[in-house]
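Observations on chain architecture
For reference, the chains in residue letters:
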Amino acid sequence: MFTLIMAAALAGFDSQFTTWPGGRLAALSLVFDDGRNDHRDIADPELTARGLVGTFALIPGASWATKGPQFQIVASHGHELANHTMLHQTCKIQTAEEDAAIPPPNTNFHSLEELAADCVTALGLIDAIQARQTVAFVYPGGSNETQTRAVIAQHHLCARLSTSGIHINPPSPTDLMQLQPLYVGGAQPTVSDWCDFADVDDFFDTVLTTLLTDGGWVIEEYHDIECPGYAALNMDAWLGHLDELAAMSPVVWVGGMGDVARYTLERDAAMITVLDEGASFVTLSVDDGLPDGLYDLPLTVETIVPSAWGSVSVAGGGGALPHIRIGDVVRFDTPPDGQPILIGVNEWCGECMCGPEEPTLCAEQDEDSDGDLDLYDFHLLQLRTVP
C-alpha cells in the first residue's frame, strides 16, 4: 500500500509530499538501549557494513570517560545517539522514601526540576560527541507519566516507550512522546525461543510483512545482541534480518529515530506554493516554517507536469536537483526552507523566455556566464526576479 499526503492543489501543477523519503513504503528504526558493549562491538560494524543507520540510547552518567569516546566513533559512522538519562532513572516523580523501596538501580526522579536538569546535563555530554543535535529520548524501563513527558518534550522531539508485542506507529503519530517499540530479544515472550534461528527468522519475516502492509513506522528495541545475554537473540537470524533490510532499502527507510521524527514533523508542517508558472516551467517553494538548524532533512516532493514537456530538469538551492520522472510525475528532494525550486523543460530558451526576436535578452540570461543557456540560468534569473 502506497500512501501519499497531499500538500495542495496547485494552479495546474498538483504537488504532494511522499509519506517517507524517496517514496518508500514504510520506515523502520533500529534502537539499541543502554550503550552496551554488544552495540559498540557488534551492532555498529554490522550496520555500518550494510549502510544501515542505528540509534544508540546512552547513559552518560555511567563510565562516560570510556563510553563517550567509544560511542563518538559509533556516531562518526553515521549513526544517531539518543538520551537514556544520566543514570537510567525511570521517569516518574517519587519521594526519596518511596525510592528506598525500589531495588537499585531503578530509582525515580524526585522532582520535575531534577528531571529537567538531568536532560540538560545528558544532552550536553551527548551533543559533544555527535555532529547533530540530540533529539531522541528513550524512557528507562518505559516508565513515564504525563508531567514527566511534558518535561522530556521541552528538550527532545520524540521519546520511545518499552512494551512487548508487535507495534507499528502510524506515519503521523498522535504523540511523539509515546512512540511504541517492537521489543526484540529474550526478555519478551514474543517468540518461543529467541536463541533459535527458525523462531527468530519467522518473527522478523512477520514484522516486515506487517510493516509493508501497514505503511507505518516500526521502532525495533534491542539490548544485548548475541546469546547468551540480556534480551539477546539468535545472531544468524539477526544478521539475516539486517541483510534483508539493506536489500529492501528502496522500499523501507531505515532511519534514526530522531530523523524519522524530524521528517514527520517537517512533512506535516510544510506547504507547497506556486511562485510562478509558464508554458514550459513552474517555480515552487516548499516551506515548513520550522527552524532550519534543527529541522534539516530534505522532503521528497512529487509534482505532476504536462506529458508534452518531455525531458525536464529541476533546479534549486544554487544548483541542479537530482530527480526522477515516473510518467507525468517528477520526484525530487528539497530542504523545506522556502527557497525557489524550478521545474522546466530542458530546452526552455526557445519556448518560454526568449525567441529569435530577442537574441540580446537571451545572451543576458546566461546567468552563470558559462556560454550555455540552460535551466540553471533560468533558475538564477528566477532568484533575482521572484519577489
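Here goes a summary of the coordinates provided. As the structure is a prediction and not an experimental result, all values here were calculated from the model.

Each value, and the rule that gives it
- Residues numbered from 1 in each chain as written.
- Predicted model: local features only at pLDDT ≥ 70, side-chain atom pairs only at ≥ 80, totals over all residues.
- Heavy atoms only, no water.
- Phe/Tyr/Trp six-rings, centres within 6.5 Å; stacked < 30°, edge-to-face > 60°.
- Helix = DSSP H or I, 4+ residues; strand = E, 2+ residues; numbered from the N terminus.
- Buried < 20%, exposed > 50% of the residue type's maximum accessible area, 1.4 Å probe, protein only.
- Lys NZ or Arg CZ within 6 Å of the ring centre and 35° of its normal.
- Pairing = 2+ DSSP bridges.
- Disulfide = S-S within 2.5 Å.
- 1 Å grid on protein atoms, 1.4 Å probe; cavity = no way out; pocket = protein on both sides within 12 Å on 5 of 7 lines; lining within 4 Å.
- Points joined across faces, edges and corners; volume = space filled by probe spheres on them.

As for the packing of aromatic side chains
As enumerated under the stated definition, the model contains 11 aromatic pairs in all. Arranged with centres 5.7 Å apart and planes meeting at 45°, the rings of Phe13 and Trp309 form a pair that is tilted. In this pair, Phe13 is assigned in the loop between β1 (4-8) and β2 (15-18) and Trp309 in the loop between β15 (299-304) and β16 (312-316), connecting sequence segments 296 residues apart. Assessed through its relative accessible area of 9%, Trp309 is described here as buried. Their ring planes at 75° and their centres at 4.9 Å tell us that Trp194 and Phe203 sit as a pair that is edge-to-face. Among the residues examined, Trp194 registers a relative accessible area of 5% and is labelled buried. Owing to a relative accessible area of 4%, Phe203 belongs among the buried residues under this scheme. For the cation-ring pair, Arg267 lies above Trp20, with the distance from its terminal atom to the ring centre recorded as 5.5 Å.

Observations concerning the sheet that holds strand β13 (residues 271-278)
Strand pairing in a sheet relies on backbone hydrogen bonds. The paired strands run either parallel or antiparallel. Taken together, the five strands give an open sheet; going across it, the order is β13-β14-β20-β16-β17, and neighbouring strands pair in antiparallel fashion. A single partner strand is all that each edge strand has here, and the edge strands are β13 and β17 (319-320).

A short note on the state of the cysteines
Applying the stated criterion across every chain, the model contains one disulfide. The partner cysteine of Cys195 in its disulfide is Cys227, sulfur to sulfur 2.0 Å. Between Cys195 and Cys227, the disulfide has an S-S torsion of -95° and is therefore left-handed. Of this pair, Cys195 sits in the loop between β10 (182-183) and α6 (197-214) while Cys227 sits in the loop between β11 (217-222) and α7 (235-247), and the two are 32 residues apart along the sequence. Classification of Cys195 by relative accessible area gives partly exposed; the value is 41%. Cys227 sits in the partly exposed class, given a relative accessible area of 26%. Here Cys119 is not cross-linked by a disulfide; its sulfur's nearest cysteine counterpart is in Cys91, at 7.2 Å.

Brief notes about the layout of surface pockets
The computed volume of the largest pocket comes to approximately 260 Å³. As for the largest pocket, its lining consists of 19 residues, and the residues nearest its centre are Gly78, His79, Glu80, Arg132 and Asp259. By volume, the second largest pocket amounts to about 150 Å³. As for the second largest pocket, its lining consists of 13 residues, of which Gly141, Ser162, Tyr183, His223 and Tyr230 are closest to the centre.

Just distances and angles here, no functional claims.
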